[in-house]
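As a plain string of letters, each chain reads:
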Amino acid sequence: MPDQPGSLQSRSYRITVDDGRESFFALSIEDVSSEDAWLMSDTVLALENMR
């Protein structure tokens with residue numbers, strides 16, 4: 001049986017670039033027990049907008 005995963009934490013970000021001319025949203029999913037275990041995506045859509 002594989003090890004049970006640790007606790008995951010998610011955070012959302014609004015990232016602004018080009019002196020505020022462009023911005024996008026990102027989602028980060030992190031394993032709270034490890035500084036090196038994380039995933040970040042910049043292709044996130046809010047679930048409520050998909051209905």
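As shown above, the structure is provided for reference.
Structure report, in brief.

Reading the values: the criteria
- Residues numbered from 1 in each chain as written.
- Predicted model: local features only at pLDDT ≥ 70, side-chain atom pairs only at ≥ 80, totals over all residues.
- Heavy atoms only, no water.
- Pairing = 2+ DSSP bridges.
- Helix = DSSP H or I, 4+ residues; strand = E, 2+ residues; numbered from the N terminus.
- Salt bridge = Lys/Arg side-chain N within 4 Å of Asp/Glu carboxyl O.

## Let's talk about the pairing of strand β1 (residues 8-17)
As defined by bridge partners, β1 adjoins strand β2 (residues 22-31) across ten bridges and the pair is classed as antiparallel. Its bridge partner being in β2, Val17 is matched across the sheet by Glu22. Counting the residues in the hairpin turn of β1 and β2 gives four residues, including Asp18, whose phi is positive at 55°.

## Points about the pairing of strand β3 (residues 38-41)
In terms of strand pairing, β2 meets β3 through four bridges, oriented antiparallel. Pairing of Glu30 across the sheet is with Trp38, part of β3.

## A look at the pattern of salt bridges
One pass over the full model with this rule turns up one salt bridge. Residues Arg11 and Glu30 are paired through a salt bridge, measuring 4.0 Å at the closest nitrogen-oxygen approach. With a gap of 19 residues between them, Arg11 in strand β1 and Glu30 in strand β2 connect regions that are remote in the sequence.

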